Protein chains: 2
Amino acid sequence: MSLPHAILTALLEKPSSGLELTRRFDRSIGYFWSSTHQQIYRELGKLEQAGQIRALPSAQPARGQKKEYEVLPAGRAALSAWVALREDPKQIRDPLLLRMRAAAVVGAPGLDAELRRHLELHRKQLAEYLAIEGRDFPPERNSEEDRLRHLVLRGGIDLENFWIGWLTRALDGIPATGSSPSAG
Amino acid sequence: MSLPHAILTALLEKPSSGLELTRRFDRSIGYFWSSTHQQIYRELGKLEQAGQIRALPSAQPARGQKKEYEVLPAGRAALSAWVALREDPKQIRDPLLLRMRAAAVVGAPGLDAELRRHLELHRKQLAEYLAIEGRDFPPERNSEEDRLRHLVLRGGIDLENFWIGWLTRALDGIPATGSSPSAG
DNA sequence: TCCTTCATGTAACGAGTTACATGATTTG
DNA sequence: CAAATCATGTAACTCGTTACATGAAGGA
């Protein structure tokens, strides 16, 4: 039940069309709630049906033409209600950890290469977050909204740092299979 | 495409019935790949159909009676092939971070209480992992399989530590609402 | 017998993914 | 006009969740 609320949040920050939302999900919002355009159009339809958003009057309902949405009072109310909900943290569900556990049973030739690849990807993602932080959250800006958004970004940064640390330690602890053929 | 491989891994570690698997998923395996008995039975059926596992001969195919499965060579091969696959890390998708971002837009009365609640849950989970670590990975045990399984558990421990650190910093950075309802 | 627990399932639905379809606008 | 790109959608499928159904075994 999170995607519609991610969309409402995005539309409150700035009224947008489906494709614009998709692009914003690829950038800032998708860093903690990713989505595809198919899902977004589907949800926009439902939200409009439910009277929580509406297409701006300037937009004709013709296929292939841009259609901008804005949030209606009912949508804002629904988002407020959702923010107040309690929700337990989800259990971890990570394919890489699962691969590792499986590797303990059936063997893991090449797993170290995959760990190195992930390490590199997380380093890149971290660099991207840090660039965003430097651009969007200079020390002087300190409104309440900025502080909350900065905390969210910090979550992403800390999470990448967790992965980098764990992967580094993991690579120290398992034998390499690339150039030194000591494991079988 | 991970659940069948989680099941194959679990069955290689120890042949089990559906309910036994469910309980093992609630304990060790579910710490990085959670599942319900409905999903497990569904997958067991598919894996049996595919010739990757089979019911032990001693088990009759009667409804309501225990049915133990073991992995066939084809299943082990499929698992080995899956372990060798590359898979990019998934994008973050976390309702709490999303709530925080939404709170930056529509306001956040009571969000600090929810953060405190999550902090407590993560502390409990961390304590549980540390207990498992102390029980299952004493310093003297050091086989290759143990090392990999220990790394997986370390992933869980480090992840809980990430959340505890982030939530603590977040609570320092946002104003408290409500008098002090944290008794309980 | 009735109740509980163990054990194996079915059914229906929602969320997410992948592939494809259709129309409008720009530009060569 | 043709092709590329912008933009909005449909369809089909898998995975995960929730609620419910069915049967067996053991004890009050």
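It should be emphasised that the depicted structure is a prediction, and the values quoted were computed from it without experimental measurement. (Residues numbered from 1 in each chain as written. Chains lettered and ligands numbered in written order. Predicted model: local features only at pLDDT ≥ 70, side-chain atom pairs only at ≥ 80, totals over all residues. Heavy atoms only, no water.)

Contact with chain A, which involves 65 residues of that partner, is made by 66 residues of chain B. Interface area for chain A against chain B, summed over the two sides, is near 6,700 Å², with a carbon-plus-sulfur share of 65%. The interface formed by chain A and chain B contains 8 salt bridges. With a closest N to O distance of 2.9 Å, Glu13(B) and Arg101(A) form a salt bridge. Scanning the region where chain A abuts chain B turns up 26 residue pairs in polar contact (both at pLDDT 80 or more). Only α1 (3-13), α4 (73-83), α5 (95-106), α6 (111-136) and α7 (144-173) of chain A provide two or more residues apiece to the side of chain A that touches chain B. (Contact = heavy atoms within 4.5 Å. Buried area = accessible area lost by both parts, 1.4 Å probe. Salt bridge = Lys/Arg side-chain N within 4 Å of Asp/Glu carboxyl O. Polar contact = N/O pair within 3.5 Å; in protein donor to acceptor, adjacent residues only side chain to side chain. Helix = DSSP H or I, 4+ residues; strand = E, 2+ residues; numbered from the N terminus.)

All names here are of chain B. Ordered in space as β1-β3-β2, the 3 strands form an open sheet in which the pairing is antiparallel. Edge strands, defined here as strands with exactly one partner in the open sheet, are β1 (16-17) and β2 (53-55). Where β1 lies against strand β3 (residues 68-71), 2 bridges are found, and the strand directions are antiparallel. What sits directly across from Ser-17, in β3, is Glu-68. Each of β1, β2 and β3 touches helix α1 (residues 3-13); the most contacted strand, β3, lies at about 95 degrees to it. (Pairing = 2+ DSSP bridges. Axes fitted to C-alpha atoms, helices over the stretch in contact; angles between N-to-C directions.)

Next up on the list: the relation of the copies chain A and chain B. Between the two copies of the chain lies a rotation about an axis combined with a shift along it. Each copy superposes on the other: chain A lies on chain B with an RMSD of 0.0 Å after a rotation of 180 degrees and an axial shift of 0.0 Å. Both chain copies can therefore be described as sitting about a two-fold axis. By C-alpha distance to the rotation axis, the residue of chain A lying nearest is Phe162(A), at 3.3 Å. Interface overlap between copies: 100% of the residues of chain A at the interface are likewise at the interface in chain B, consistent with a symmetric, same-surface contact. (Least-squares fit on C-alpha atoms with pLDDT ≥ 70 in both.)

With that settled, consider the protein's contact with DNA strand D. Within the structure, DNA strand D sits among 24 residues, and Leu19(A), Tyr41(A), Lys67(A), Gln38(B) and Gln39(B) are positioned closest to it. Those atoms of DNA strand D that come within 4 Å of the protein belong to sugar or phosphate at a rate of 54%. Contact distances for DNA strand D include 2.8 Å between a phosphate oxygen and a backbone N or O atom of Lys67(A). Taking Gln38(B), its side chain carries an N or O atom lying 2.7 Å from a base nitrogen of DNA strand D. At the level of secondary structure, the elements contributing two or more residues to the surface near DNA strand D comprise α2 (18-26) and α3 (37-49) of chain A together with α3 (37-49) of chain B. Among the residues forming the surface near DNA strand D, the class breakdown is 5 nonpolar, 10 polar and 9 charged. (Near = heavy atom within 4 Å. Nonpolar A, V, L, I, M, F, W, Y, C, P; charged D, E, K, R; others polar.)

Our next topic: the sheet that holds strand β2 (residues 53-55) of chain A. Residue and element names in this part refer to chain A. Read across the sheet, 3 strands follow the order β1-β3-β2 without closing on themselves; strand pairing throughout is antiparallel. Strands with a single pairing partner mark the edges of an open sheet, and in this sheet they are β1 (16-17) and β2. Packing against the sheet, α1 makes contact with β1, β2 and β3 (68-71), and its axis sits at approximately 95 degrees to β3.

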